[in-house]
Amino acid sequence: MDYSQSVETAKRAILSISSQYRDLFDANSIVTTLFDLIYLYEINPAYAQLLKQKGMHIEALNKQLHAIAKSDETQLAVIEDLNESIQRILLLRIGKDKQLQVFNEICESTLRLVRQQSDRFVLLKAMQAAYVDLESRLNGRTNTPDQINVLMAQLANLSFDGDEPVRIYDSTSGWGGSLLEMRRVIPNSRKVRLLGQELNAKAYLFCEMVLGLLDDDNTSHALNNGDALVADWPFGDSGADVIINDPPYSMRWNPDPNLLERGIYHKIGVLPPKSRADFAFVLHGLAHLNDNGTMVIQLPHGVLFRGSAEAKIRQYLLERNYIEAVIGLPANLQSTTAIPTMILVLRKNRKRKDVLFIDASDDEVKKARSRDLLSTSAVNKIVETYHKFVSIQRYAYVATPKEIIENDYNLNIPRYVDTYIPPKLISVSELENKIVKIDQQLSTLEADSRLIMMKYQ
C-alpha cells in the first residue's frame, strides 16, 4: 500500500469511529475528541497509562490528567477541550450511568487506531484529512487541500547546505498541513525547525498538537498565535530557508501607514491595497526569507495583472529578480471556493533571469464530493517541468525579462502560454462527401415526413 492509500485508509478508520457515535456527538466534536485522545496517548506515556484504566470517574480522570500536564499550556488546553467534549456535549445526550462506558469505548477505539499506525505522518495526515472533510461541510473553514501541500513542498524542497537546522516558516499555518508535508519531504536525518503563525485559536491549538507530535531529536518547532500582518513575530535574525504559505485570498487588511517608512515597503514606496492583502503576505514572507531562501505561496490570479500599487509591487519583485515561476492550477480545488488559483515561486539570489510560466489549469483532476482533487500525475508533471525549466508547447513557457517588460510587468499566464489548439483542417473532397451525405439524410427525412402526413389527410 502506497503512502496516499495508507492516509486514506487511516482517514476512513477515523471517520468510521466517529460515525459510531454520531447520535452522541456532532461530527466535528467526535473527531476533535479522537485527536485530543491521540495527542495525549502519543505525547506522554503517563497519559496513555491513565487513559487505559477503566472505571475511573470522569471528574477524577480529568483531575489526574491536569496533574500530569502541570504547567504545559498546550497539554492543558487539550485536556480542557477533551473535558468540554465529554462533560458538556456527551452529557447532553446520554445519562451519567452510561457516560463512563461510552468514554471507555472511545478510548479503546482510539488506542487501536494509534497501534495500527506505525507511521506518525500517516496518522497526522489522516486526522487533518478527516477535519478537512468535515469542516468544509460543517462551517466552511478553509484549509489547504493535501495535494496542494504536496505540490508546494516538492517545489520548495531543495538540497540544503551546512549543518544548521533547515528553518521552514508559514505565516498562516492553519492546521499545520503545509509544515507537516514540508517536514515529510526532507530526509529524517536532517535537522529541521518548523515555525508558524496562526490567528484562529482553534486552528492554532490543532497546529500546536501536530507540530508537538513531530518533535524528535531532529525536529523542533515554535508557533505563535497572532496576526502576521498586524504584529510581526521576530523568530530569529537568520531568516527562513523555506517559506510555504496559503494565505486567505484577497482579504481586507488595515495596514499601519508607518510601514512605508521601513523595511521592504520603504524600498517599494507603496502598500498593497486595503481591499486585497495578497501581496502583503508575499512581502511579509520575503522580509523573513534568508539570502538564499525559497518561497512558495498560493494566491488568486488577480495579483498577476491588477494595476496601481500591485503593478508597482510586481515590477519591484521582477526587477529584483525574485520571481522564478508562475503556475496556474485547475479550478474547484479548494473547499470553499471554485475559483482557479496559482502558485508563485520566489527565490532570493537567483542565478537565472528568466521566469517560468506553467498552465496546469487543464491538468488531470479527480472528482470528489465537495471539490476536485489534483491527481498525483498532475503534481509530478508540474514538479518535473519546474525542475527542467523548459518551454513545452501549450503547457509551459520560459519568458525573458525583455518579454515581461514589453508586457508592462503583467504576469497573466495566457500572455505567455498559448494553449490554443487550431481546428483540424478538412480537405475539399472530404467536405463535399459530407455535404452529399447530409443531402441524402435530408431527402430521407423529407420522404418519411410526407408518408406520416399522408396518414392524417
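Preceding block: the structure.
Bear in mind the structure is a predicted one, so any value in this text is a computation, not a measurement.

**As for the pattern of salt bridges**
As enumerated under the stated definition, the model contains 14 salt bridges in all. Across the salt bridge formed by Arg 12 and Glu 8, the nearest N and O atoms sit 3.9 Å from each other. With a gap of four residues between them, Arg 12 and Glu 8 both fall in helix H1 (residues 3-20), about one helical turn apart. Here Arg 12 falls in the partly exposed class, since its relative accessible area comes to 49%. Its relative accessible area of 34% is what places Glu 8 among the partly exposed residues. Close ionic contact of Glu 324 with Arg 352 constitutes a salt bridge, the shortest N to O distance being 3.7 Å. Here Glu 324, found in strand S6 (residues 323-328), pairs with Arg 352, found in the loop between strand S7 (341-347) and strand S8 (355-359); they are 28 residues apart in sequence, far enough to count as distant. Under the relative-accessibility criterion, Glu 324 is labelled buried at 4%. With relative accessibility at 37%, the residue Arg 352 sits in the partly exposed group.

**Some remarks on a nonpolar patch on the surface**
Taken together, the side chains of Ile 426, Leu 431 and Ile 435 define a hydrophobic patch exposed on the protein surface, amounting to about 270 Å² of accessible area. Residue placement: Leu 431 occurs in helix H16 (residues 428-454). According to the relative accessible area criterion, Leu 431 is partly exposed, its value standing at 45%.

**Brief notes about the sheet that holds strand S2 (residues 192-198)**
Ordered by their spatial adjacency, nine strands build an open sheet running S3-S2-S1-S4-S5-S7-S6-S8-S11, and the pairing between neighbours is mixed. Since the sheet does not close on itself, it has two edges, and those belong to strand S3 (219-225) and strand S11 (396-399), each with one partner. Going across the sheet, the axis of each strand differs from the next one's by a mean of 15°, ignoring polarity. Sheet analysis places S6 next to S7, joined by five bridges and oriented antiparallel. Note on S7: the bridge partner recorded for Gly 328 is Met 342.

**Let's talk about the nonpolar core**
As a rule of thumb, nonpolar side chains are buried together in soluble globular proteins. Membership of the largest hydrophobic core comes to 94 residues, with the highest contact counts inside it found for Phe 35, Phe 103, Leu 151, Leu 155, Ile 168, Ile 327 and Ile 343. The contacts of Ile 168, once residues within four sequence positions are left out, are Leu 179, Met 182, Ile 186, Val 192, Arg 193, Leu 194, Leu 195, Val 242 and Ile 244. Counting 49 residues, the second-largest nonpolar core is a separate cluster that includes Ala 228, Ala 240, Val 270 and Tyr 416.

**Here we look at the side chain of His 221**
Checked against the element boundaries, His 221 lands in strand S3. Among the polar contacts listed, one links the side chain of His 221 to the side chain of Asp 215, at a separation of 2.8 Å. The contacts of His 221, once residues within four sequence positions are left out, are Arg 193, Leu 194, Glu 208, Leu 211, Gly 212 and Asp 215.

**Quick notes on the pairing of strand S1 (residues 166-170)**
A regular strand places its side chains so that they alternate between the two faces of the sheet. With five of five residues buried, S1 lies mostly within the body of the structure. Of the two faces of S1, the one carrying Val 166, Ile 168 and Asp 170 and the one carrying Arg 167 and Tyr 169 are both buried. Pairing analysis gives five bridges linking S1 to S2, with the strands arranged parallel. Bridging across to S2, Ile 168 finds its partner in Leu 194. A crossover connection joins S1 to the parallel S2 through helix H9 (residues 177-185); in handedness this β-α-β unit is right-handed. Direction of pairing for S1 relative to strand S4 (residues 240-245): parallel, over a ladder of two bridges. Note on S4: the bridge partner recorded for Tyr 169 is Ile 243.

**As for helix H10 (residues 201-214)**
Over its 14 residues, H10 runs 20 Å from end to end, which matches the ideal 20 Å to within 8%, given 1.5 Å per residue. Among the 14 residues of H10, eleven are classified as buried, and the element is accordingly described as predominantly covered. Those residues of H10 that sit buried are Ala 203, Leu 205, Phe 206, Cys 207, Glu 208, Met 209, Val 210, Leu 211, Gly 212, Leu 213 and Leu 214. Two or three places before Lys 202, at the opening of H10, Asn 200 has a side-chain oxygen 3.0 Å from that residue's backbone nitrogen.

What counts as what
Residues numbered from 1 in each chain as written. Predicted model: local features only at pLDDT ≥ 70, side-chain atom pairs only at ≥ 80, totals over all residues. Heavy atoms only, no water. Salt bridge = Lys/Arg side-chain N within 4 Å of Asp/Glu carboxyl O. Helix = DSSP H or I, 4+ residues; strand = E, 2+ residues; numbered from the N terminus. Buried < 20%, exposed > 50% of the residue type's maximum accessible area, 1.4 Å probe, protein only. Patch = residues over 30% accessible without salt bridge, like charges linked within 9 Å, V, L, I, M, F, W, Y side chains within 5 Å. Areas by Shrake-Rupley, 256 points an atom, 1.4 Å probe, with all protein chains shown as cover. Pairing = 2+ DSSP bridges. Axes fitted to C-alpha atoms, helices over the stretch in contact; angles between N-to-C directions. Core = buried A, V, L, I, M, F, W, Y, C linked by side-chain atoms within 4.5 Å. Contact = heavy atoms within 4.5 Å. Polar contact = N/O pair within 3.5 Å; in protein donor to acceptor, adjacent residues only side chain to side chain. Right-handed = clockwise from strand over helix to strand, strands pointing away. Expected span 1.5 Å × (residues − 1).

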